Each structure stands twice: as C-alpha cells, then as structure tokens.
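What the coordinates show
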Amino acid sequence: MTNATLAQPGRISNSLDEFWMPFTANRQFKASPRLLESAEGMYFRSSDGRQVLDGTAGLWCCNAGHGRREITEAVSRQIARLDFAPTFQMGHPLPFELAERLADIAPVGLNRVFFTNSGSESADTALKIALAYQRAIGQGTRTRLIGRELGYHGVGFGGISVGGMVNNRKAFPALLPGVDHLPHTLDIARNAFSRGLPEFGIEKADELERLVTLHGAENIAAVIVEPMSGSAGVILPPVGYLQRLREITRKHGILLIFDEVITGFGRVGKAFAAQRWGVTPDIITCAKGLTNGAIPMGAVFVADDIHQAFMQGPDGAIEFFHGYTYSGHPVACAAALATLDIYQGERLFERTLELEAYWQDALLGLRDLPNVVDIRAVGLVGGVQLAPSAEGVGKRGFQVFEQCFHDGLMVRVTGDTIAMSPPLIVEKEQIDILVGTLADSIRKAA
C-alpha cells in the first residue's frame, strides 16, 4: 500500500492503488479522486457528502434513475430463489420470458434474442452472427466487415477492429483483417447548432458504394454503425443517412447492424433509434439500459430469416458455436424484466419525446458562451463541443468536466465535447440546473 489512500470518517483508510481503473487517467484520478458512495433518483452522493446531479444516467445506462426499489426487490427475490443456472444445453424460464418481452418492443421482424453480458460482447456476437450467416447461406466469400470512423463498438477485438476511435485501436495492432471504414458524419462547417438531425451529409452514406466497388459486394458480410455515435461526442446521423445505408446494404446483400448500446431503451424517444428514425436493420445490439445498469447484461436482436438460416441440418447439432457462461443469467434477467416494467409503467420512452424540445432549447441556449463551437441534441442526449485550448485537445473539456463535478453535476467528456444523457425521469427544473451549472463551468474555463 502506498500513499494513495482515501480516509473516510469512522472507517479504515482504503488504498486506491490496487484497482487499475478503466478508461481513466489513473495517476491523475488518484491524486484527486472523485468518488460516489450512494445514489437515488436523479442524484449521486459523493464521498465528501455532496449531492451530485447525474447528467449522464451513470454511464448512459440508468435510464430510469437510481435506487429503483422494483429492480432491487426483483434481484433480491431471484438471487434467493435461483442464483445461477447454465444455458448451455440447459435452461431456466427467465431468459425465455425476457426474450419474448424484448421481441414485443423491438422493430418488426427482429424476434430472436441472443443474450450477452455487455455492449462489447453484443458487438462481437453480432459480427460473428453476420459472418456465420453468410457462410450458412453459401456466401462464404463474404468475410469483410465495414465500420465507421469515430464509431465505438466496445473493446473486444472485433469491436475495436470495426470501431473508428484511434486511441482504442493504436496500441492493439492484432486487429481483424479485412475491415474498412465509412467516413464519420460530423460536419460542423455545414451543420453547427442543428436542432435535431443535421440537414447536410446524406452523401456520406454513398461512400459505401465506393467500398463495394473497391472490395466487391461478394466479399462484404456486414456494415455496423451506431445510429447516433455516443462515445465520440454525440454525433447525429444526417437526415436520410440511415435510410440510404439501408438501401445500399439491401441492394448488395450486405447485413446492416445497428449498435444501439447507447440509443436503446428510450434515449432518443423510442425503444430503439431504428424505430425513431424509421430504419430496420438486420441485427441490433444493446446493453446498458436493458437492466437500468443494475446488473451487467447485453442482448443481440436478430431478424427471423437470419436465425432460420442457422436452423438447418440434424436437430441434435449445435447451430452456432458461441456463447457466454452468463448468457441469460437469472439475476440479470430479473433486473431486466423489472426494468421493462418501469419503462412501460412510467411511459419513459414517450416522456423522452415530450421533453425533447425543452431539452434542445435549454442546450442551444449555450451557443453564445465562450469557446462553444457546436451543440448537438436529440431525444434526451446532448453534446456541447468546445474549441480546444492552446494547451492541447481535451484540456478545456476536462477542465469543464472537473468544474461541473466540483459544482455538483456529473457529465461525460470526450476530447473537448461535453456529453449529457440524464435519466429519463429528469424534470424540467433539473434540466435547468444541469444546463445552468454547465454554463457556469464553461465560463470559468474560458
């Protein structure tokens, strides 16, 4: 144990050294830690006793807010009744019930559900399904995968291969072969301060035709994109862009995968972004909001015809050699079922649309603050992009992030973009507090 410790009243000091934190500047954090000890509703409580407004739904996942009694009780009952059961050549009732409930809210035709434990696992599972499907239908030459610049699909080797965030890739050279990328859709020069989806940029989808010409349609298995790029700083699809991708992929027999780990479960106003923007892909990945962040869980929705292609050969043969020990974990299923009940009972998806205009008005009211170069908002998600400081990219954004936390607000920072995704239970008064605190922090960082 070294000097990096945290003293708490009435408790033995605990070392901060042993935990290697994910996606964190560990030395910077441990020199000045930001620790959260409890949460309820819209608020965290920090280790020094301060109330912190949750402007990010935890990590894009606590869509129904914190401390939901219904989820706590469902998890408690389930872990006492059945803490674990395998789903390899065995089963238990809950994943079947959950899959049926999920199919009811999914886009029409995506009725088959494969359970995972995270968004990263969902992305890798979707890619494997795409490759195996092409082989199953006699298109075994289709081995190429197409991602997109600035895309984020988790941290598995499949996900970082098709992902397009350079820091997630550059230290790991052993990526999947045969991967290419579409250009990203961020175009501040033409689309700055758009209300909702940006007007310009549909032509960027046509780059897929160029990749088809380059590689040959017969060699491309799937295209994977986030309908809205969250981790890259809330990058929205231009009007018509997703529809154009769907047209091109269908024309060439290429599967279209939507990564909805962030956009799933009400974040943009429908159960899935596919429904909000009227585009049905072949596969959808999700996680995060599936259990309101209470228990790790993910899922992959698959079109019926894709699933049917695997259901060939002898009845006793395993159709898809893939899975996880905790696929369909009983406690995770219990959390997910309780979460779906909350979403439905409180109409949280509809509530997102009801608050969208107020949210957009509030955020766009920041456009004249120092160093603000763009604001992007849809549903209950928003990004405020700042001009980089002379000290380098990301310095100003991190300064605003730290100031917000000091002033009682938790936001996300990606480079110099401040990202926000409050729980869907947020009230207008809390939106005002969130935006006002952010405005003060931006001024202080000017």
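Here we summarise the structure given alongside this text. Just so it is clear, the model here is predicted, and its values are computed rather than measured.

Conventions we followed
Residues numbered from 1 in each chain as written. Predicted model: local features only at pLDDT ≥ 70, side-chain atom pairs only at ≥ 80, totals over all residues. Heavy atoms only, no water. Helix = DSSP H or I, 4+ residues; strand = E, 2+ residues; numbered from the N terminus. Contact = heavy atoms within 4.5 Å. Buried < 20%, exposed > 50% of the residue type's maximum accessible area, 1.4 Å probe, protein only. Pairing = 2+ DSSP bridges. Salt bridge = Lys/Arg side-chain N within 4 Å of Asp/Glu carboxyl O. Lys, Arg positive; Asp, Glu negative; His and termini not counted.

1. Some points on the environment of Glu-121
Mapping Glu-121 onto the fold places it in helix H5 (residues 119-136). The spatial distance from the C-alpha of Glu-121 to the C-alpha of Asp-305 is 22 Å, given a sequence separation of 184 residues. Those residues within four positions of Glu-121 in sequence are excluded, and the remaining contacts are Thr-116 and Tyr-324.

2. Comments concerning the pairing of strand E13 (residues 372-378)
Burial analysis of E13 places six of its seven residues in the buried class, which makes it a mostly covered element. Pairing analysis gives six bridges linking E13 to strand E14 (residues 381-386), with the strands arranged antiparallel. Within E14, the residue paired with Asp-374 across the bridge is Gln-385. Remark: two residues form the turn of the hairpin made by E13 and E14, two consecutive strands paired antiparallel; Gly-379 in that turn has positive phi of roughly 55 degrees.

3. Observations concerning the pattern of salt bridges
The full count for this structure, using the stated rule, is 21 salt bridges. Of the charged contacts in the structure, one is a salt bridge between Lys-444 and Asp-407, with a shortest N-O distance of 3.0 Å. Here Lys-444 is found in helix H16 (residues 428-445), whereas its partner Asp-407 is found in the loop between helix H15 (395-406) and strand E15 (409-410), with 37 residues between them in sequence. Look at Asp-407 and you get partly exposed, because its relative accessible area is 30%. Several salt bridges share partner residues, and in doing so they unite Arg-68, Glu-70 and Glu-346 into one network.

4. As for the sheet that holds strand E4 (residues 43-46)
Strand order in the open sheet formed by four strands is E3-E4-E5-E15, with mixed pairing between adjacent strands. Pairing within the sheet leaves two strands with one partner each, and these edge strands are strand E3 (36-40) and E15. With four bridges connecting them, E3 and E4 associate as antiparallel partners. Bridge pairing in E4 places Ser-38 opposite Arg-45.

5. What about the side chain of Glu-226?
Following the sequence through the fold, Glu-226 ends up in the loop between strand E9 (220-225) and helix H10 (241-252). We note that Glu-226 is buried and unpaired, the nearest opposite charge coming from Arg-148 at a distance of 5.1 Å. In this view, Glu-226 contacts Arg-148, Leu-150, Gly-151, Tyr-152, His-153, Ser-231 and Asp-259; residues no more than four positions away in its chain are not counted.

Function cannot be inferred from these measures alone, as they are strictly geometric.
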